[in-house]
Amino acid sequence: MKKLMFAVLLFLFVVSSAFAKTYTINLGIVTTPKTFHYKAALKLKQIVEKESHGQIKVIIHYSGSVGNETDILQQLQMGALQMGVITAGPIDKFVPAIKAIEFPFIFNSYKQADEILDGKIGRAILNEFPKANLIGYHFLENGFRNLTNSVRPVHSAKDLKGLKIRVMNSQFHVKIWRALGANPTPMPWPIYTQLAQHVIDGQENPLAVIYQYKLYEVQKYLTLTRHVYSALVFVGSKSFYNSLPDKYKKLMFEATKEASIYERNLNREKAAFFLDELKKHGMIVDEHPDIESFKKRVEPLKNQFHGVARKYLDEILTYEKNSQN
Ligand code: EAX
């Protein structure tokens, strides 16, 4: 009798696991496996597949194999993809609230960025994503963006005059570099060829990306402007998220949080290494540019902030003012 009971239970277990619903997450990124975008996606894959005992499978589509970041966001809205690791810049067309964290010089340290992005304000901005048929799981890190160019040293904003600077696919970033006095051109990533062929004179990215894409081969000058803290976001498809059972909805938030913190630490641990390597590869680095000249030119952009972007910008500025006191 016992043997029969055990056989029945074993049979039921095999059948149920055979027929258990499985989920596939197609995750898109525009960067190569060398980058922290990819390392974060890989970490997420390991956590989710382990914690779901293989019931959820994650497939990472890297190096723009499923399109640029704007394409990926559109496919997430349609449910054609289930996740992406996306730079905050191009998201502002879909979720205007995110412009608040992209305002130049609003964060002057990783600590300040973490406090806001992992706090109530950051969560409120991520909770704006469902309005665009997306899920904002968690912020991770691209890093502080710095300017590079192949024409001349840039120490203050006046040195930007006439420089053709590539910016992300974001109207706000076009406005930032126009206000700074440069000639901005929005282009999807990557841009090595356009820099090598002098279609554009310069670009701006965190040190990790400048190093990982060997931009020192086609850019002579690096100015440590740290003008924008560039967040990445684990973005999801709303329809896919709604199709998950509650236990896996919870798992997606827990796993993206763990993978985000893991990725941030990777980036921060190597920041000094990247600067050294860029110097070793011959880049001429201005480590103390005239930041006030840049700040003065972008400050008036605050008057062009309205609606949710204005609301969150004011909340961040108030929070920072209060934490100074
Ligand atoms: O790593 O398009 C960009 O410049 C972004 O920084 C992207 O994440 C590249």
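All residue numbers refer to position in the chain's written sequence, counted from 1. Given that this is a predicted model, residues contribute local features only at a pLDDT of at least 70 and side-chain atom pairs are listed and counted only at 80 or more, while totals for whole chains, interfaces and linings are drawn from all residues. For side-chain calculations, the full set of non-hydrogen atoms in the structure is used, while hydrogens and water are omitted.

1. Points about the site of the ligand
Residues are labelled near a given molecule or strand when at least one of their non-hydrogen atoms is within 4 Å of it. The local shell around the ligand consists of Thr31, His37, Thr87, Asn142, Arg145, Arg166, Met168, Trp189, Asn205 and Val209. At a separation of 2.9 Å, an oxygen atom of the ligand approaches a polar side-chain atom of asparagine 142. Each polar contact in these results corresponds to two N or O atoms within 3.5 Å; when the atoms are within protein, one needs to be able to donate a hydrogen and the other to accept it, and residues that are neighboring in sequence are counted only if both atoms are side-chain atoms. Contact distances for the ligand include 2.9 Å between an oxygen atom and a side-chain N or O atom of arginine 145. Throughout, the Shrake-Rupley method with a 1.4 Å probe supplies accessible areas, and for residues the shown protein chains are the sole cover considered. Relative to its unbound accessible surface of 260 Å², the ligand loses 99% to contact with the protein. If you map the ligand onto the pockets, it falls in the largest cavity. Classifying every residue of the shell around the ligand by side-chain character gives three nonpolar, five polar and two charged. Points on a 1 Å grid over protein atoms alone make up a cavity when a 1.4 Å probe fits among them but cannot get out, and a pocket when they form an open set with protein on both sides within 12 Å along at least five of seven lines; lining residues each have an atom within 4 Å of a point. Any molecule with more than half of its atoms within 2 Å of a cavity's or pocket's grid points is counted as sitting in it. Residue classes follow a fixed rule: Ala, Val, Leu, Ile, Met, Phe, Trp, Tyr, Cys and Pro count as nonpolar, while Asp, Glu, Lys and Arg count as charged, and any other residue, Gly among them, counts as polar.

2. Brief notes about unusual backbone geometry
Note that the residue after tryptophan 189, namely proline 190, is joined by a cis bond; omega there is -5 degrees. Here phenylalanine 105, not a glycine, exhibits a phi torsion of approximately 65 degrees, which is positive. Among the structural elements, phenylalanine 105 can be located in the loop between helix H5 (99–102) and helix H6 (110–117). Burial classes: relative accessible area under 20% of the type maximum marks a residue as buried, over 50% as exposed, and values in between as partly exposed (1.4 Å probe, protein chains only). Take phenylalanine 105: its relative accessible area is 17%, and that puts it in the buried class. With a phi close to 65 degrees, asparagine 133 is a non-glycine residue in the positive phi region. Positionally, asparagine 133 belongs in the loop between helix H7 (120–126) and strand E4 (134–149). A residue is classified by how much of its surface remains accessible, and asparagine 133, at 36% relative accessible area, is partly exposed. Numbering of helices and strands starts at the N terminus; helices are DSSP runs of H or I of at least 4 residues and strands are runs of E of at least 2.

3. With respect to the environment of leucine 251
By the secondary structure assignment, leucine 251 is in helix H12 (residues 246–269). Overall, the relative accessible area of 8% leaves leucine 251 in the buried class. When the C-alpha positions of leucine 251 and lysine 50 are compared, they lie 11 Å apart, and in sequence the two are 201 residues distant. We call two residues contacting when some pair of their heavy atoms lies within 4.5 Å. For leucine 251, the contacting residues outside a window of four places in its chain are Val48, Glu51, Ser52 and Ile56.

4. Observations regarding empty space enclosed by the protein
Grid points are joined across faces, edges and corners, and a volume is the space filled by probe spheres set on the points. With the rule as written, the count across this model stands at two cavities of 30 Å³ or more. The wall of the largest cavity is formed by 18 residues, among which Glu69, Thr87, Arg166, Met168 and Trp189 lie closest to the centre. Elements with a contribution of two residues or more to the lining of the largest cavity: helix H3 (69–78) and E4. Classifying every residue of the lining of the largest cavity gives seven nonpolar, eight polar and three charged. When its volume is computed, the second largest cavity comes out at roughly 40 Å³. Lining of the second largest cavity is provided by Thr35, Phe36, His37, Glu141, Asn142, Ala208, Val209, Gln212, Leu232, Glu263 and Asn267. Within the residue set of the lining of the second largest cavity, elements represented by two or more residues are helix H2 (36–51), E4, helix H10 (207–212) and H12.

5. What to know about the packing of H2 against H12
To define axes, lines are fitted to C-alpha atoms, for helices over the stretch in contact only, and angles between the resulting N-to-C directions are given on a 0 to 180 degree scale. Following both chains from N to C, one finds H2 and H12 inclined at 145 degrees, their axes separated by 9 Å at the closest point. Handedness of the crossing formed by H2 with H12: right-handed. In this structure, H2 contributes Phe36, Lys39, Ala40, Lys43, Leu44, Ile47, Val48 and Glu51 to the contact, and H12 contributes Leu251, Met252, Ala255, Thr256, Glu258, Ala259, Tyr262, Glu263, Leu266 and Asn267. Residues that form the contact of H2 with H12 fall into these classes: eleven nonpolar, two polar and five charged. In this scheme, a crossing is called left-handed if the near helix is turned counterclockwise away from the far one by less than a right angle; it is called right-handed if the turn is clockwise.

6. Description of the pattern of salt bridges
Salt bridge, as used here, is a side-chain nitrogen of Lys or Arg placed within 4 Å of a carboxyl oxygen of Asp or Glu. Tallying each qualifying case throughout the model produces 18 salt bridges. In this structure, glutamate 51 engages lysine 50 in a salt bridge whose closest nitrogen and oxygen atoms are separated by 3.4 Å. Judged by its relative accessible area of 42%, glutamate 51 is partly exposed. Among the residues examined, lysine 50 registers a relative accessible area of 61% and is labelled exposed. For glutamate 299, the salt bridge goes to lysine 302, with nearest N and O atoms at 2.9 Å. The class for lysine 302 is buried, based on a relative accessible area of 17%. Shared partners join several salt bridges into a network, and the residues in it are Asp114, Asp118, Glu141, Arg264 and Arg268.

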